[in-house]
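One letter stands for each residue in the lines below.
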Amino acid sequence: MKKRVFSGIQPTGRSHIGNYLGAMKHWANDQREFENFFCIVDLHALTVPQDPAELRAATREMAAMLIAVGLDPRYCHIFVQSHVAAHSQMAWLLNCFTPLGWLERMTQYKDKAQKQVSVMAGLLGYPVLMAGDILLYHTHYVPVGDDQKQHVELARDIAQSFNARFGDVFTVPEVVIPPVGARIMNLSEPTKKMSKSDDDLNSTILLLDTPDAIRRKLMRATTDSERSILFDENRPGIYNLLTLYELFTGEPRAAIESRFAGKGYGDLKKGLAEVVIEGLRPLQARYAELTRDPATLDTILRDSAERCAVIAEKTLTDVQHVIGLR
Ligand code: ATP
Ligand code: LTN
(Lines give C-alpha, C1' and ligand atoms only; values in the text may rest on other atoms or scores of the structure.)
(Ligands and ions follow the chains in the order given, each with its own letter.)
Protein backbone atom coordinates (compact mmCIF):
# COMPACT_ATOMS: atom_id res chain seq x y z
CA MET A 1 0.00 0.00 0.00
CA LYS A 2 1.24 3.47 -0.86
CA LYS A 3 1.90 5.81 2.05
CA ARG A 4 -0.48 8.73 2.37
CA VAL A 5 0.30 12.41 1.84
CA PHE A 6 -2.08 15.17 2.93
CA SER A 7 -1.69 18.91 2.48
CA GLY A 8 -3.96 21.91 2.34
CA ILE A 9 -4.07 25.33 0.77
CA GLN A 10 -6.41 28.23 1.43
CA PRO A 11 -8.60 29.53 -1.41
CA THR A 12 -7.88 33.13 -0.56
CA GLY A 13 -5.95 35.87 -2.26
CA ARG A 14 -3.85 34.64 -5.12
CA SER A 15 -1.25 31.89 -5.18
CA HIS A 16 2.31 33.14 -5.21
CA ILE A 17 5.75 31.72 -5.96
CA GLY A 18 6.23 31.01 -2.21
CA ASN A 19 3.24 28.65 -2.25
CA TYR A 20 4.59 27.08 -5.43
CA LEU A 21 8.23 26.63 -4.41
CA GLY A 22 7.52 25.81 -0.76
CA ALA A 23 4.62 23.44 -1.31
CA MET A 24 2.78 22.84 -4.62
CA LYS A 25 5.83 22.01 -6.72
CA HIS A 26 6.88 19.28 -4.28
CA TRP A 27 3.37 17.88 -4.16
CA ALA A 28 3.44 17.53 -7.94
CA ASN A 29 6.97 16.09 -8.12
CA ASP A 30 6.30 13.34 -5.58
CA GLN A 31 2.71 12.48 -6.45
CA ARG A 32 3.32 9.09 -8.07
CA GLU A 33 4.99 7.66 -5.00
CA PHE A 34 2.04 8.23 -2.65
CA GLU A 35 -1.72 8.25 -2.26
CA ASN A 36 -2.31 12.01 -2.18
CA PHE A 37 -4.96 14.21 -0.60
CA PHE A 38 -4.80 17.89 -1.54
CA CYS A 39 -7.47 19.88 0.18
CA ILE A 40 -8.72 23.37 -0.65
CA VAL A 41 -9.36 24.54 2.89
CA ASP A 42 -12.34 26.87 2.59
CA LEU A 43 -13.27 26.33 6.26
CA HIS A 44 -9.85 27.61 7.29
CA ALA A 45 -10.39 30.66 5.08
CA LEU A 46 -13.45 31.57 7.19
CA THR A 47 -11.24 32.25 10.22
CA VAL A 48 -10.70 35.76 8.85
CA PRO A 49 -13.36 37.89 7.11
CA GLN A 50 -14.25 36.80 3.53
CA ASP A 51 -16.56 38.06 0.81
CA PRO A 52 -18.92 35.13 -0.02
CA ALA A 53 -18.85 35.55 -3.82
CA GLU A 54 -15.08 35.94 -3.85
CA LEU A 55 -14.57 32.92 -1.65
CA ARG A 56 -16.73 30.77 -3.92
CA ALA A 57 -14.87 31.91 -7.06
CA ALA A 58 -11.47 31.53 -5.40
CA THR A 59 -12.25 27.95 -4.42
CA ARG A 60 -12.78 26.89 -8.03
CA GLU A 61 -9.77 28.94 -9.15
CA MET A 62 -7.62 27.13 -6.62
CA ALA A 63 -8.74 23.79 -8.03
CA ALA A 64 -7.63 24.97 -11.49
CA MET A 65 -4.32 26.18 -10.07
CA LEU A 66 -3.56 22.87 -8.37
CA ILE A 67 -4.11 21.00 -11.62
CA ALA A 68 -2.17 23.65 -13.57
CA VAL A 69 0.91 23.19 -11.37
CA GLY A 70 0.85 19.53 -12.33
CA LEU A 71 -1.27 17.64 -9.80
CA ASP A 72 -2.92 14.84 -11.70
CA PRO A 73 -6.43 13.82 -10.58
CA ARG A 74 -5.46 10.21 -11.41
CA TYR A 75 -2.97 10.23 -8.53
CA CYS A 76 -4.44 12.89 -6.24
CA HIS A 77 -7.72 13.45 -4.46
CA ILE A 78 -8.17 17.17 -5.10
CA PHE A 79 -11.15 18.26 -3.02
CA VAL A 80 -12.80 21.05 -1.06
CA GLN A 81 -12.74 20.77 2.73
CA SER A 82 -16.38 21.82 3.29
CA HIS A 83 -17.59 19.16 0.82
CA VAL A 84 -16.59 16.45 3.31
CA ALA A 85 -18.64 17.03 6.46
CA ALA A 86 -16.37 14.85 8.60
CA HIS A 87 -13.78 17.70 8.69
CA SER A 88 -16.11 19.97 10.66
CA GLN A 89 -17.30 17.11 12.84
CA MET A 90 -13.79 15.94 13.68
CA ALA A 91 -12.72 19.49 14.53
CA TRP A 92 -15.38 19.73 17.21
CA LEU A 93 -14.37 16.43 18.77
CA LEU A 94 -10.68 17.32 18.77
CA ASN A 95 -11.47 20.73 20.27
CA CYS A 96 -12.70 18.86 23.33
CA PHE A 97 -9.33 17.10 23.68
CA THR A 98 -6.97 20.02 22.98
CA PRO A 99 -5.71 22.17 25.86
CA LEU A 100 -6.32 25.88 25.31
CA GLY A 101 -2.71 26.65 26.22
CA TRP A 102 -1.45 24.67 23.21
CA LEU A 103 -3.49 26.91 20.89
CA GLU A 104 -2.61 30.19 22.54
CA ARG A 105 1.08 29.44 21.92
CA MET A 106 0.72 29.18 18.12
CA THR A 107 2.74 31.91 16.43
CA GLN A 108 0.42 32.20 13.42
CA TYR A 109 -2.52 32.76 15.78
CA LYS A 110 -0.66 35.52 17.58
CA ASP A 111 0.35 37.21 14.29
CA LYS A 112 -3.07 36.99 12.65
CA ALA A 113 -5.00 37.95 15.82
CA GLN A 114 -2.96 41.13 16.03
CA LYS A 115 -4.08 42.13 12.52
CA GLN A 116 -7.84 41.67 13.23
CA VAL A 117 -10.09 44.29 14.78
CA SER A 118 -12.21 41.53 16.27
CA VAL A 119 -10.81 38.00 16.63
CA MET A 120 -13.26 35.14 16.06
CA ALA A 121 -13.02 31.90 18.07
CA GLY A 122 -12.35 30.02 14.81
CA LEU A 123 -8.96 31.68 14.46
CA LEU A 124 -7.82 30.06 17.69
CA GLY A 125 -9.32 26.71 16.63
CA TYR A 126 -7.65 26.83 13.20
CA PRO A 127 -4.87 24.33 14.06
CA VAL A 128 -7.42 21.90 15.53
CA LEU A 129 -9.38 21.89 12.26
CA MET A 130 -6.06 21.33 10.50
CA ALA A 131 -5.19 18.43 12.83
CA GLY A 132 -8.55 16.88 11.99
CA ASP A 133 -7.85 17.24 8.23
CA ILE A 134 -4.63 15.33 8.60
CA LEU A 135 -5.78 12.68 11.08
CA LEU A 136 -8.99 11.76 9.21
CA TYR A 137 -6.92 10.15 6.42
CA HIS A 138 -4.34 8.30 8.54
CA THR A 139 -1.78 10.53 6.88
CA HIS A 140 1.91 9.58 6.98
CA TYR A 141 3.46 12.73 5.50
CA VAL A 142 2.42 16.39 5.50
CA PRO A 143 4.48 18.45 3.01
CA VAL A 144 4.23 22.17 3.85
CA GLY A 145 6.28 25.35 3.93
CA ASP A 146 8.14 26.30 7.07
CA ASP A 147 5.32 28.46 8.48
CA GLN A 148 3.05 25.43 8.95
CA LYS A 149 5.57 23.28 10.82
CA GLN A 150 4.28 24.28 14.24
CA HIS A 151 0.71 23.36 13.25
CA VAL A 152 1.73 19.89 12.06
CA GLU A 153 3.63 19.36 15.30
CA LEU A 154 0.46 20.26 17.18
CA ALA A 155 -1.45 17.67 15.11
CA ARG A 156 1.15 15.10 16.23
CA ASP A 157 0.70 16.14 19.86
CA ILE A 158 -3.08 15.87 19.61
CA ALA A 159 -2.81 12.43 17.96
CA GLN A 160 -0.33 11.15 20.55
CA SER A 161 -2.27 12.34 23.56
CA PHE A 162 -5.51 10.95 22.12
CA ASN A 163 -3.86 7.59 21.36
CA ALA A 164 -2.35 7.45 24.84
CA ARG A 165 -5.82 7.71 26.31
CA PHE A 166 -7.95 5.72 23.85
CA GLY A 167 -5.60 3.29 22.07
CA ASP A 168 -4.05 3.50 18.60
CA VAL A 169 -6.84 5.35 16.84
CA PHE A 170 -4.74 7.84 14.87
CA THR A 171 -1.66 7.51 12.67
CA VAL A 172 0.90 10.05 13.91
CA PRO A 173 1.89 12.19 10.88
CA GLU A 174 5.33 13.49 9.97
CA VAL A 175 6.00 16.97 8.65
CA VAL A 176 8.04 17.27 5.43
CA ILE A 177 9.73 20.62 4.75
CA PRO A 178 11.72 21.22 1.54
CA PRO A 179 15.46 21.82 2.16
CA VAL A 180 15.43 24.95 -0.04
CA GLY A 181 12.40 27.16 -0.72
CA ALA A 182 10.50 26.43 2.49
CA ARG A 183 10.44 30.13 3.24
CA ILE A 184 10.44 32.44 0.24
CA MET A 185 10.72 35.98 1.50
CA ASN A 186 8.74 39.15 0.86
CA LEU A 187 10.40 41.16 -1.95
CA SER A 188 9.93 44.53 -0.22
CA GLU A 189 10.75 43.38 3.31
CA PRO A 190 12.96 40.31 2.94
CA THR A 191 12.92 39.50 6.65
CA LYS A 192 9.19 38.58 6.39
CA LYS A 193 7.75 35.61 4.47
CA MET A 194 6.04 36.18 1.15
CA SER A 195 2.33 35.98 1.94
CA LYS A 196 -1.03 35.91 0.17
CA SER A 197 -2.56 38.29 2.62
CA ASP A 198 0.07 41.03 2.26
CA ASP A 199 -1.32 44.47 1.41
CA ASP A 200 1.82 45.52 -0.46
CA LEU A 201 1.23 44.19 -3.97
CA ASN A 202 4.88 44.62 -4.93
CA SER A 203 6.04 42.24 -2.22
CA THR A 204 4.70 39.09 -3.81
CA ILE A 205 5.03 37.50 -7.25
CA LEU A 206 1.75 35.84 -8.13
CA LEU A 207 1.67 32.70 -10.24
CA LEU A 208 -0.65 34.53 -12.66
CA ASP A 209 1.40 37.74 -12.88
CA THR A 210 2.12 39.06 -16.38
CA PRO A 211 5.75 39.25 -17.59
CA ASP A 212 5.69 43.03 -17.12
CA ALA A 213 4.46 42.76 -13.54
CA ILE A 214 7.15 40.18 -12.76
CA ARG A 215 9.91 42.41 -14.20
CA ARG A 216 8.58 45.47 -12.39
CA LYS A 217 8.30 43.77 -9.00
CA LEU A 218 11.73 42.18 -9.21
CA MET A 219 13.41 45.43 -10.31
CA ARG A 220 11.96 47.10 -7.19
CA ALA A 221 12.96 44.27 -4.82
CA THR A 222 14.86 45.37 -1.73
CA THR A 223 18.57 44.42 -1.75
CA ASP A 224 21.42 45.93 0.29
CA SER A 225 24.29 48.37 -0.05
CA GLU A 226 26.96 45.76 -0.81
CA ARG A 227 27.98 44.72 -4.31
CA SER A 228 28.88 41.04 -4.37
CA ILE A 229 26.32 38.50 -5.55
CA LEU A 230 26.79 35.58 -3.16
CA PHE A 231 24.53 33.14 -1.29
CA ASP A 232 24.92 34.75 2.13
CA GLU A 233 22.07 34.12 4.57
CA ASN A 234 22.96 37.27 6.47
CA ARG A 235 21.95 39.33 3.45
CA PRO A 236 18.25 38.39 3.20
CA GLY A 237 17.33 40.39 0.06
CA ILE A 238 20.09 39.04 -2.19
CA TYR A 239 19.87 35.59 -0.63
CA ASN A 240 16.16 35.43 -1.48
CA LEU A 241 16.71 36.51 -5.10
CA LEU A 242 19.54 34.00 -5.55
CA THR A 243 17.41 31.24 -3.99
CA LEU A 244 14.65 32.03 -6.47
CA TYR A 245 17.18 31.83 -9.31
CA GLU A 246 18.41 28.49 -7.98
CA LEU A 247 14.90 27.05 -7.68
CA PHE A 248 13.69 28.24 -11.08
CA THR A 249 16.81 27.09 -12.99
CA GLY A 250 18.00 24.09 -10.96
CA GLU A 251 21.59 25.37 -11.40
CA PRO A 252 24.13 24.71 -8.60
CA ARG A 253 24.87 27.67 -6.32
CA ALA A 254 28.51 27.94 -7.39
CA ALA A 255 27.50 28.17 -11.06
CA ILE A 256 25.00 30.94 -10.27
CA GLU A 257 27.59 32.90 -8.28
CA SER A 258 30.09 32.69 -11.12
CA ARG A 259 27.44 33.64 -13.71
CA PHE A 260 26.89 36.92 -11.82
CA ALA A 261 30.47 37.51 -10.64
CA GLY A 262 31.45 41.14 -11.30
CA LYS A 263 27.89 42.03 -12.38
CA GLY A 264 25.43 44.36 -10.64
CA TYR A 265 22.17 43.75 -8.80
CA GLY A 266 20.29 45.03 -11.87
CA ASP A 267 21.74 42.16 -13.94
CA LEU A 268 20.68 39.62 -11.35
CA LYS A 269 17.16 41.05 -11.23
CA LYS A 270 16.81 41.11 -15.03
CA GLY A 271 18.16 37.57 -15.35
CA LEU A 272 15.88 36.34 -12.59
CA ALA A 273 12.81 38.00 -14.13
CA GLU A 274 13.36 36.08 -17.38
CA VAL A 275 13.74 32.68 -15.67
CA VAL A 276 10.65 33.28 -13.54
CA ILE A 277 8.62 34.35 -16.59
CA GLU A 278 9.70 31.24 -18.51
CA GLY A 279 9.16 29.02 -15.47
CA LEU A 280 5.58 30.20 -14.99
CA ARG A 281 4.59 30.26 -18.67
CA PRO A 282 3.46 26.60 -19.02
CA LEU A 283 1.51 26.74 -15.77
CA GLN A 284 -0.25 29.94 -16.81
CA ALA A 285 -1.23 28.43 -20.15
CA ARG A 286 -2.69 25.33 -18.47
CA TYR A 287 -4.54 27.48 -15.96
CA ALA A 288 -6.17 29.54 -18.73
CA GLU A 289 -7.31 26.36 -20.46
CA LEU A 290 -8.71 24.78 -17.28
CA THR A 291 -10.72 27.81 -16.22
CA ARG A 292 -12.49 27.77 -19.59
CA ASP A 293 -14.18 24.54 -18.53
CA PRO A 294 -15.59 24.96 -15.00
CA ALA A 295 -17.91 21.94 -15.36
CA THR A 296 -14.92 19.58 -15.62
CA LEU A 297 -13.33 21.16 -12.54
CA ASP A 298 -16.57 20.74 -10.61
CA THR A 299 -16.77 17.08 -11.60
CA ILE A 300 -13.20 16.46 -10.40
CA LEU A 301 -13.98 18.14 -7.06
CA ARG A 302 -17.23 16.26 -6.61
CA ASP A 303 -15.76 12.83 -7.41
CA SER A 304 -12.80 13.43 -5.09
CA ALA A 305 -15.02 14.57 -2.23
CA GLU A 306 -17.14 11.43 -2.58
CA ARG A 307 -14.09 9.18 -2.35
CA CYS A 308 -12.62 11.18 0.55
CA ALA A 309 -15.88 11.12 2.50
CA VAL A 310 -15.80 7.31 2.63
CA ILE A 311 -12.30 7.30 4.16
CA ALA A 312 -12.95 10.24 6.50
CA GLU A 313 -16.25 8.91 7.83
CA LYS A 314 -14.66 5.62 8.80
CA THR A 315 -12.08 7.43 10.98
CA LEU A 316 -14.73 9.73 12.40
CA THR A 317 -16.88 6.74 13.38
CA ASP A 318 -13.91 5.04 15.06
CA VAL A 319 -13.24 8.19 17.08
CA GLN A 320 -16.89 8.64 18.04
CA HIS A 321 -16.97 5.05 19.17
CA VAL A 322 -13.92 5.16 21.48
CA ILE A 323 -14.97 8.38 23.19
CA GLY A 324 -18.43 7.11 24.06
CA LEU A 325 -20.64 8.52 21.32
CA ARG A 326 -22.83 6.21 19.24
P1 ATP B 1 -1.18 33.58 4.38
O2 ATP B 1 0.22 34.07 4.39
O3 ATP B 1 -2.18 34.60 4.01
O4 ATP B 1 -1.53 32.78 5.60
P5 ATP B 1 -0.09 31.74 2.58
O6 ATP B 1 0.52 32.55 1.53
O7 ATP B 1 0.75 31.18 3.69
O8 ATP B 1 -1.29 32.55 3.20
P9 ATP B 1 -1.45 29.19 2.46
O10 ATP B 1 -2.63 28.76 1.69
O11 ATP B 1 -1.64 29.42 3.93
O12 ATP B 1 -0.85 30.54 1.87
O13 ATP B 1 -0.26 28.17 2.27
C14 ATP B 1 -0.20 27.14 1.30
C15 ATP B 1 1.17 26.46 1.38
O16 ATP B 1 2.19 27.37 0.94
C17 ATP B 1 1.57 26.03 2.80
O18 ATP B 1 2.19 24.75 2.73
C19 ATP B 1 2.56 27.07 3.21
O20 ATP B 1 3.49 26.57 4.16
C21 ATP B 1 3.25 27.40 1.89
N22 ATP B 1 3.82 28.75 1.90
C23 ATP B 1 3.14 29.90 2.14
N24 ATP B 1 3.97 30.96 2.06
C25 ATP B 1 5.21 30.47 1.77
C26 ATP B 1 6.47 31.08 1.56
N27 ATP B 1 6.63 32.39 1.64
N28 ATP B 1 7.53 30.29 1.27
C29 ATP B 1 7.37 28.94 1.19
N30 ATP B 1 6.19 28.30 1.37
C31 ATP B 1 5.11 29.04 1.66
N1 LTN C 1 -3.04 25.83 7.45
C2 LTN C 1 -2.49 25.47 6.18
C3 LTN C 1 -3.47 24.85 5.26
C4 LTN C 1 -3.93 23.52 5.77
C5 LTN C 1 -3.15 22.34 5.83
C6 LTN C 1 -4.01 21.35 6.38
C7 LTN C 1 -1.84 22.02 5.50
C8 LTN C 1 -5.16 23.24 6.25
N9 LTN C 1 -5.22 21.94 6.61
C10 LTN C 1 -3.56 20.06 6.61
C11 LTN C 1 -1.42 20.72 5.72
C12 LTN C 1 -2.26 19.75 6.28
C13 LTN C 1 -1.96 26.74 5.52
O14 LTN C 1 -2.38 27.78 5.78
N15 LTN C 1 -1.08 26.58 4.65
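Refer to the structure printed above.
In this report, the structure presented in the accompanying data block is examined. Just so we're clear, the structure is a prediction, and the values are computed from it rather than from any experiment.

### Some words on the nonpolar core
Taken as a class, soluble globular proteins show a tendency for nonpolar side chains to be buried jointly.
Okay, so step 1: Within the largest apolar cluster, 57 residues are counted, with the highest numbers of intra-cluster contacts made by Met24, Leu66, Leu71, Leu207 and Leu218.
Okay, so step 2: Excluding residues that lie within four positions of it along the chain, Leu71 makes contacts with Trp27, Ala28, Gln31, Phe38, Leu66, Cys76 and Ile78.
Okay, so step 3: Counting residues in each nonpolar core, the second largest holds 38 residues, with Phe79, Leu94, Leu124 and Ala155 among its members.

### Comments concerning the site of ligand 2
Okay, so step 1: Taken together, 13 residues sit near ligand 2, with Gly8, Tyr126, Met130, Asp133 and Gln148 positioned nearest.
Okay, so step 2: Tyr126 places a side-chain nitrogen or oxygen 2.7 Å from a nitrogen atom of ligand 2.
Okay, so step 3: A distance of 2.7 Å is found between a nitrogen atom of ligand 2 and a side-chain nitrogen or oxygen belonging to Asp133.
Okay, so step 4: Relative to its unbound accessible surface of 360 Å², ligand 2 loses 92% to contact with the protein.

### Details of the packing of helix H6 (residues 107-115) against helix H7 (residues 121-136)
Okay, so step 1: Running from amino to carboxyl end, H6 crosses H7 at an angle of 160°, the nearest separation of the two axes being 10 Å. What the angle tells us is that H6 and H7 run roughly antiparallel. The element H6 and its partner H7 pack so that their crossing is right-handed. Contacts from Gln108, Tyr109, Lys112 and Ala113 of H6 reach H7 at Leu123, Leu124 and Tyr126.

### Side note on the packing of aromatic side chains
Okay, so step 1: Applying the stated criterion to the full structure yields 12 aromatic pairs.
Okay, so step 2: For the pair Trp27 and Phe38, a centre-to-centre distance of 4.7 Å together with 15° between the ring planes defines the contact as stacked. Of this pair, Trp27 sits in helix H1 (residues 17-30) while Phe38 is found in strand S2 (residues 35-40), placing the two residues 11 residues apart along the sequence.
Okay, so step 3: What makes Trp27 buried here is its relative accessible area of 3%.
Okay, so step 4: Owing to a relative accessible area of 1%, Phe38 belongs among the buried residues under this scheme.

### Brief notes about the site of ligand 1
Okay, so step 1: Within the structure, ligand 1 sits among 21 residues, and Asp147, Lys193, Ser195, Lys196 and Ser197 are positioned closest to it.
Okay, so step 2: In this structure, a nitrogen atom belonging to ligand 1 sits 3.1 Å away from a main-chain N or O atom of Gly18.
Okay, so step 3: The contact in question runs from an oxygen atom of ligand 1 to an N or O atom on the backbone of Gly145, over 2.8 Å.
Okay, so step 4: When ligand 1 sits alone it has 600 Å² of accessible area, and the protein chains cover 96% of it.

Quick notes on the rules
- Residues numbered from 1 in each chain as written.
- Chains lettered and ligands numbered in written order.
- Predicted model: local features only at pLDDT ≥ 70, side-chain atom pairs only at ≥ 80, totals over all residues.
- Heavy atoms only, no water.
- Core = buried A, V, L, I, M, F, W, Y, C linked by side-chain atoms within 4.5 Å.
- Buried < 20%, exposed > 50% of the residue type's maximum accessible area, 1.4 Å probe, protein only.
- Contact = heavy atoms within 4.5 Å.
- Near = heavy atom within 4 Å.
- Polar contact = N/O pair within 3.5 Å; in protein donor to acceptor, adjacent residues only side chain to side chain.
- Areas by Shrake-Rupley, 256 points an atom, 1.4 Å probe, with all protein chains shown as cover.
- Axes fitted to C-alpha atoms, helices over the stretch in contact; angles between N-to-C directions.
- Helix = DSSP H or I, 4+ residues; strand = E, 2+ residues; numbered from the N terminus.
- Parallel < 35°, antiparallel > 145°, perpendicular 65-115°, else oblique.
- Left-handed = near helix turned anticlockwise from the far one by under 90°.
- Phe/Tyr/Trp six-rings, centres within 6.5 Å; stacked < 30°, edge-to-face > 60°.

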